Amino acid sequence: MKKIMVLILLSVLLLSACGQTVDNHSDATQHDITCGGFPPPPQPIHFDSLEDTISFIKSPDMSIYYEEYHEAYQYMIEVFREDGYVTIVANTEANRDSAVILYPEAKYEDLGICFWFEYNENMYQVLVYNTYYTMDKQNDDIFDYYRARGWGQNTQKTIEIFTNNEMLPSLFLTIEGEGGAIRAKALLNDLHYVVVRAIDKVSKTEFVRFIEGLEFEEREL
């Protein structure tokens, strides 16, 4: 579990990309994320437990964060509250770390919630992102969503994989770099999409096996 904590801390310290105006949910307020200067763009927030995460969404204490972060964090909180729940990820055969990370919106990244798992001595990261536009999972895929967002995606470097997971029957898989880590993404439903990343180098078979154990639960706020 020590390895999980090191990876979590690194993910929080690394800057999320920054930079564009977005329009999330029909009644949400448009706002800008800018780059440069100090402090850096709003960072992901680490919590020791799911209970702490939900408590923050219900009753946030912004006093410990830069004032420049408050708008982005408040916007993230309002989106979760508008949904009325957060999506919790579990895995029947993997160990989930107690820590949870909330991601505010950033350039080329939506707001979402992140969980870490250890499965067969390999590390995995599962992120559930909120979509900015309501999609139709029956007819749309993740690339339809990226096109709607105006994000360019090279589909030639992806392959579609199929699983026995009813929530994620198929995902689009990419390998990061030559022989690098595996990452896959797919729409979870009309309002969320999932990105699963193997931190360690694993086989495609092992990766699919991990995905097939994933379960998703809507935890009411």
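## Considering the overall build of the protein chain
And then number 1: Looking only at helices and strands, the protein chain features 5 helices and 11 strands.
And then number 2: Counting all 221 residues of the protein chain, 51% fall into the buried class.
And then number 3: Carbon and sulfur atoms make up 47% of the accessible area of the protein chain, which totals about 11,100 Å².

## Digging into the packing of aromatic side chains
And then number 1: With the rule as written, the count across this model stands at 19 aromatic pairs.
And then number 2: Summarising the aromatic geometry, the rings of Tyr108 and Trp151 are spaced 6.2 Å apart at their centres and angled 80° between planes, so their arrangement reads as edge-to-face. Of the two residues, Tyr108 is situated in the loop between strand E4 (100-103) and strand E5 (112-119) and Trp151 in the loop between helix H4 (142-149) and strand E7 (159-162); the sequence distance between them amounts to 43 residues.
And then number 3: On the accessibility criterion, Trp151 (6% relative accessible area) is buried.

## Observations regarding the nonpolar core
And then number 1: Counting 63 residues, the largest nonpolar core has Leu168, Tyr193, Phe207, Phe210, Ile211 and Leu214 as its most contacted members.
And then number 2: Ignoring any residue separated from it by four or fewer positions in sequence, one finds Leu214 in contact with Val89, Ala90, Asn91, Val126, Asn165, Leu168 and Val196.

## Brief notes about the side chain of Ser49
And then number 1: Of note, Ser49 is situated in the loop between strand E1 (45-47) and helix H2 (50-58).
And then number 2: A polar side-chain atom of Ser49 sits 3.1 Å from the main-chain amide nitrogen of Asp52.
And then number 3: Each residue touching Ser49, except ones within four places of it in the same chain, is listed here: Ser98 and Val100.

## Observations regarding H4
And then number 1: Turning to H4, its buried residues number three or more, namely Ile142, Phe143, Tyr145, Tyr146 and Arg149. For H4, the angular spread of the buried residues around the axis is 155°, confining them to a single face.
And then number 2: Buried residues along H4 sit against strand E6 (122-130), strand E8 (170-175), strand E9 (182-187) and strand E10 (192-198).
And then number 3: Near the N-terminus of H4, the side chain that reaches the backbone nitrogen of Phe143, with its oxygen 2.8 Å away, is that of Asp141.

What counts as what
- Residues numbered from 1 in each chain as written.
- Predicted model: local features only at pLDDT ≥ 70, side-chain atom pairs only at ≥ 80, totals over all residues.
- Heavy atoms only, no water.
- Helix = DSSP H or I, 4+ residues; strand = E, 2+ residues; numbered from the N terminus.
- Buried < 20%, exposed > 50% of the residue type's maximum accessible area, 1.4 Å probe, protein only.
- Areas by Shrake-Rupley, 256 points an atom, 1.4 Å probe, with all protein chains shown as cover.
- Phe/Tyr/Trp six-rings, centres within 6.5 Å; stacked < 30°, edge-to-face > 60°.
- Core = buried A, V, L, I, M, F, W, Y, C linked by side-chain atoms within 4.5 Å.
- Contact = heavy atoms within 4.5 Å.
- Polar contact = N/O pair within 3.5 Å; in protein donor to acceptor, adjacent residues only side chain to side chain.
- Arc of directions from axis to C-beta.

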